[in-house]
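# Structural description and commentary
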Amino acid sequence: MAQKPKVDPHVGRLGYLQALVSEFQETESQDAKEQVLANLANFAYDPSNYQYLRQLQVLDLFLDSLSEENETLVEFAIEQGPHPKSTSFLSI
């Protein structure tokens, strides 16, 4: 299981999301990639995170994940489409 990214508690949400994106891009562990992408997907449900996710180009990360051989990553990326009872940043 992947560990939480090491982030200075004073960097705030943007810093935390940046650490997640960096971890996803740098790790070789498929388990860690799955966990990080799932965490980013959870942040995508909160519209207040939209500006940060856009700034960090998380949408591109989701789109790139669609071409992964790892089916779990593909599923996490696909599940970011519009949901009837939630507002994903992809549906904005």
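So, here's what we can say about the structure. Each chain has its residues counted from 1, running along the sequence as written. Owing to the predicted nature of the model, reporting of local features is limited to residues with pLDDT of at least 70; listing and counting of side-chain atom pairs is limited to 80 or more, with chain, interface and lining totals taken over all residues. Based on all heavy atoms of the structure, the side-chain values leave hydrogens and waters out of the count.

### What about the packing of helix 1 (residues 12–26) against helix 2 (residues 30–44)?
Across the interface, helix 1 lies against helix 2 with an axial gap of 9 Å and an inter-helix angle of 145°. Between helix 1 and helix 2 lies a crossing of left-handed hand. Of helix 2, the residues touching helix 1 (which contributes Tyr16, Leu17, Leu20, Val21, Glu23 and Phe24) are Ala32, Lys33, Val36, Leu37, Asn39, Leu40 and Phe43. Following the grouping adopted for this structure description, the nonpolar residues are Ala, Val, Leu, Ile, Met, Phe, Trp, Tyr, Cys and Pro, the charged ones are Asp, Glu, Lys and Arg, and the polar ones are all others, Gly among them. When the residues that make up the contact of helix 1 with helix 2 are grouped by side-chain class, the tally is ten nonpolar, one polar and two charged. Between the N-to-C directions of two axes lies an angle of 0 to 180 degrees, each axis being a line fitted to C-alpha atoms and, for a helix, fitted only over the stretch in contact. The way it works is that DSSP assigns letters per residue, a run of H or I at least four long becomes a helix, a run of E at least two long becomes a strand, and they are numbered from the N terminus. Helix crossings fall into two classes, left-handed where the near helix is turned counterclockwise from the far one by less than a right angle and right-handed where it is turned clockwise. Every residue pair with non-hydrogen atoms within 4.5 Å of one another is taken to be in contact.

### Focus on the packing of aromatic side chains
Pairs were defined over the aromatic rings of Phe, Tyr and Trp, the Trp ring being its six-membered one, requiring ring centres within 6.5 Å. Orientation was assigned from the angle between planes: stacked under 30 degrees, edge-to-face over 60, tilted for the rest. Inspection of the entire model under this criterion finds one aromatic pair. Residues Tyr16 and Phe43 carry aromatic rings whose centres are separated by 5.8 Å and whose planes lie at 50° to one another, so their mutual orientation is tilted. Pair noted here: Tyr16 is in helix 1 and Phe43 is in helix 2, with a separation of 27 residues, a long-range link. Both a distance and an angle decide whether a charge sits over a ring: NZ of Lys or CZ of Arg must be within 6 Å of the ring centre and within 35 degrees of the ring normal. If you follow Lys33 out to its NZ or CZ, it ends over the ring of Phe24, 4.3 Å from the centre.

### Considering the pattern of salt bridges
Note on definitions: salt bridges are taken to be side-chain nitrogens of Lys or Arg within 4 Å of carboxyl oxygens of Asp or Glu. Taken as a whole, this structure holds one salt bridge when the rule is applied. Asp46 is the partner of Arg13 in a salt bridge, and the nearest nitrogen-oxygen pair spans 3.7 Å. With Arg13 in helix 1 and Asp46 in the loop between helix 2 and helix 3 (50–55), this pair connects stretches of sequence that are 33 residues apart. Only protein chains enter the accessibility calculation, which uses a 1.4 Å probe; a residue is then buried when its area is under 20% of its type maximum, exposed when over 50%, and partly exposed in between. We classify Arg13 as partly exposed; its relative accessible area is 38%.

### Section: a nonpolar patch on the surface
Like charges within 9 Å and nonpolar side chains (Val, Leu, Ile, Met, Phe, Trp, Tyr) within 5 Å are joined into patches, using only residues over 30% in relative accessible area that form no salt bridge. Residue exposure ignores everything except the shown protein chains as possible cover, and the areas themselves are Shrake-Rupley values with a 1.4 Å probe. A contiguous nonpolar patch, built from Leu59, Leu63, Leu66 and Ile78 and spanning about 350 Å² of accessible area, is present on the exposed surface. With respect to the helices and strands, Leu59 occurs in helix 4 (residues 58–65).

### Some thoughts on the environment of Leu66
Position of Leu66 relative to the elements: it lies in the loop between helix 4 and helix 5 (71–78). Leu66 sits in the partly exposed class, given a relative accessible area of 39%. Through-space distance from the C-alpha of Leu66 to that of Phe76 is 8.9 Å; in sequence the pair is ten residues apart. Residues contacting Leu66, with those up to four places away along its chain left out, are Val74, Ala77 and Ile78.

### What to know about unusual backbone geometry
A positive phi angle, near 60°, is found at Gln57, a position not held by glycine. Of the residues examined, Gln57 reaches a relative accessible area of 52% and is grouped as exposed.

### Here's the deal with the side chain of Ser65
When you line up the elements, Ser65 lands in helix 4. A residue is classified by how much of its surface remains accessible, and Ser65, at 1% relative accessible area, is buried.

### Examining the environment of Thr27
Structurally, the position occupied by Thr27 is in the loop between helix 1 and helix 2. Judged by its relative accessible area of 18%, Thr27 falls in the buried class. Once you skip the residues sitting within four places of it in the chain, Thr27 turns out to touch Ala32 and Lys33. Counting of polar contacts relies on pairs of N or O atoms within 3.5 Å, with two restrictions inside protein: one atom must be capable of donating a hydrogen and the other of accepting it, and residues adjacent in sequence are counted only when both atoms are side-chain atoms. A polar atom in the side chain of Thr27 sits 3.1 Å from the backbone nitrogen of Ser29.

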